[in-house]
Amino acid sequence: VADIEPGVVGARAHDVSVQDNQPGEIPPLGYALAQLHGVYILSQNADGLVVVDMHAAHERITYEKLKADHSAQALARQRLLVPVACDVTPIEAELVEDQAEALSDFGLIVERSGVNSVVIREVPALLVESDIESMVLDLLGELSEVGTSEVIRAKADELLANMACHTSVRANRRLSIPEMNALLREMEITPNAGQCNHGRPTFMVQNLSEL
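None of the values given here were measured: they were computed from a predicted structure. One numbering rule holds for all chains: residues counted from 1, following each sequence as written. Local features in this predicted model are restricted to residues of pLDDT 70 or higher, and side-chain atom pairs are both shown and tallied only at a pLDDT of 80 or more, whereas totals for entire chains, interfaces and linings draw on every residue. Processing note: side-chain calculations cover all non-hydrogen atoms of the structure and skip hydrogens and water entirely.

Cavity: a set of points on a 1 Å grid over the protein atoms alone where a 1.4 Å probe fits but cannot get out. Pocket: an open set with protein on both sides within 12 Å along at least five of seven lines, its lining residues, like those of a cavity, having an atom within 4 Å of a point. Grid points are joined across faces, edges and corners, and a volume is the space filled by probe spheres set on the points. Counted as a void, the second largest pocket has a volume near 200 Å³. A helix here means a DSSP run of H or I that spans at least four residues, while a strand means a run of E at least two residues long, and both kinds are numbered starting from the N terminus. When residues of the lining of the second largest pocket are traced back to their parent elements, those giving at least two are α3 (54-71), α5 (100-105) and α7 (149-154). At three residues, the largest contribution of residues to the lining of the second largest pocket is made by α5. Under the scheme applied, nonpolar residues are Ala, Val, Leu, Ile, Met, Phe, Trp, Tyr, Cys and Pro; charged residues are Asp, Glu, Lys and Arg; polar residues are all the others, including Gly. Tallied by class, the residues present in the lining of the second largest pocket amount to six nonpolar, three polar and four charged.

Let us look at the sheet that holds strand β6 (residues 109-114). Sheet strands line up and pair through hydrogen bonds in the backbone, either parallel or antiparallel. Strand pairing is assigned whenever DSSP identifies at least 2 bridges connecting the two strands. What the three strands build is an open sheet, ordered β5-β7-β6; its pairing is antiparallel. On the outer flanks of this sheet lie β5 (77-87) and β6, each paired with one strand and no other. Between one strand and the next, the sheet's axes are offset by a mean angle of 15 degrees, whatever the strand orientation. Docked against the sheet, helix α6 (residues 132-146) engages β5 and β7 (117-124), running at close to 70 degrees with respect to β5. For helices, the fitted line uses only the C-alpha atoms of the stretch in contact; every axis is such a line through C-alpha atoms, and the angle between N-to-C directions lies from 0 to 180 degrees. We call two residues in contact whenever any of their non-hydrogen atoms come within 4.5 Å of each other.

We call a pair of cysteine sulfur atoms a disulfide whenever their separation is within 2.5 Å. Taken as a whole and assessed by the stated rule, the structure comprises zero disulfides. Of all cysteine sulfurs, the one in Cys165 lies closest to Cys196, which takes part in no disulfide; the gap is 7.5 Å. The exposure class assigned to Cys196 is buried, which follows from its relative accessible area of 1%. Per-residue accessibility, obtained with a 1.4 Å probe over protein chains only, is compared with the maximum for each type, and a residue is labelled buried under 20%, exposed over 50%, and partly exposed between these values.

All right, on to the packing of α3 against helix α9 (residues 177-188) then. The angle between the axes and the distance between the axes are what describe a pair of packed helices. At a minimum axis separation of 10 Å, α3 and α9 run at an interaxial angle of 50 degrees. In terms of axis orientation, α3 runs oblique to α9. The interaxial crossing formed by α3 with α9 has left-handed handedness. Contact residues: Met54, Ala57, His58, Ile61 and Lys65 in α3; Leu183, Glu186 and Met187 in α9. Angle categories: roughly parallel below 35 degrees, roughly antiparallel above 145, roughly perpendicular from 65 to 115, and oblique for all the rest. Crossings are classed by handedness, with left-handed meaning an anticlockwise turn of the near helix from the far one by less than a right angle and right-handed meaning a clockwise turn.

Moving on, we get to α9. Three- or four-residue spacings in an α-helix give side chains the same orientation, since the helix completes a turn every 3.6 residues. Given a helix with a known number of residues, its expected span is that number minus one, times 1.5 Å. Along its 12 residues, α9 runs 17 Å from first to last C-alpha, staying within 8% of the 16 Å computed at 1.5 Å per residue. All buried positions along α9 are accounted for by Met180, Asn181, Leu183, Leu184, Arg185, Met187 and Glu188.

Attention now moves to the pattern of salt bridges. One side chain can pair with another of opposite charge once the charged atoms of both are near each other. Salt bridge, as used here: a side-chain nitrogen of Lys or Arg that lies within 4 Å of a carboxyl oxygen of Asp or Glu. Taken as a whole and judged by the stated rule, the model has 10 salt bridges. Ionic pairing is found between Glu158 and Lys155, a salt bridge with its closest N-O pair at 3.0 Å. Residue classification places Lys155 among the partly exposed residues on the basis of a relative accessible area of 27%. Of the charged contacts in the structure, one is a salt bridge between Arg185 and Glu188, with a shortest N-O distance of 2.8 Å. A residue pair is termed a helical-turn pair when its members lie 3 or 4 positions apart in one helix, as Arg185 and Glu188 do in helix α9 at three residues.

With that settled, the discussion passes to helix α8 (residues 156-165). Taking burial as the measure, the 10 residues of α8 include seven buried ones, the bulk of the element. The set of residues buried in α8 consists of Ala156, Leu159, Leu160, Ala161, Met163, Ala164 and Cys165.

Another point: the nonpolar core. If you look at the biggest cluster of nonpolar residues, it comprises 32 residues, and the most contacted ones within it are Leu103, Leu108, Ile120 and Met163. Put simply, the parts of the chain that give this core at least two residues each are α3, β5, α4 (90-98), α5, β7, α6 and α8. In terms of residue count, the dominant contributor to this core is α6 (seven residues). Discounting residues that sit within four places of it in the chain, Leu108 has contacts with Arg77, Leu103, Glu122, Val123, Pro124, Met135, Val136, Leu139 and Met163. Only buried Ala, Val, Leu, Ile, Met, Phe, Trp, Tyr and Cys residues count toward a nonpolar core, and they belong to the same one when joined by side-chain atoms within 4.5 Å.

This part takes up the environment of Ser144. Within the secondary structure, Ser144 sits in helix α6. Taking relative accessible area as the criterion, Ser144 reaches 36% and is therefore assigned partly exposed. A sequence separation of 48 residues divides Ser144 from Val96, and the C-alpha atoms of the two residues are 9.8 Å apart. Each polar contact in these results corresponds to two N or O atoms within 3.5 Å; when the atoms are within protein, one needs to be able to donate a hydrogen and the other to accept it, and residues that are neighboring in sequence are counted only if both atoms are side-chain atoms. A distance of 2.7 Å separates a polar side-chain atom of Ser144 from the backbone oxygen of Gly141.

From the geometry alone we can't say anything about function, so treat these as descriptive.
Below, the structure is given as structure tokens:
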């Protein structure tokens, strides 16, 4: 099974909408056939079989959206109907107070509620379905090691990539054929869709002659 180079999908994505409307044309990642072990999407394109890692693909899609919105200072937040309370270290609780503006830049409104506790009130809209407590605790752990606001801003993309991991499609989640196709189409218009945020491939293709 041969990998397709990262970026190939993004390079061809501009033509996807046109291809979909032309008889006989198949999108680069093809059309979903089935789901394997709740982990992979099996799709058929013009060359053969496409195997897509659902989690890795969704992780990249979420990250690229977060990065673009953060760069444009347009990261939409969503207020939680029920604020999430969690225990933290005293150092992390102080960090919530000291770095409130930096957290807000990442789409998070977090308030200190005690010596070693905080309350999460708003999160990025893209991450509202994530494990919010785990995401914030991981971020605070990273920020406590990073230090100043300047360094936090310099490492913004890395921090956003780690945040994206918490909301990606998890293993063993069943998707319908339309949902799988929607994920494939989203990949085709996402920059760097050939790799997840940690560098592993999001999909592979095996052509008919190899099969």
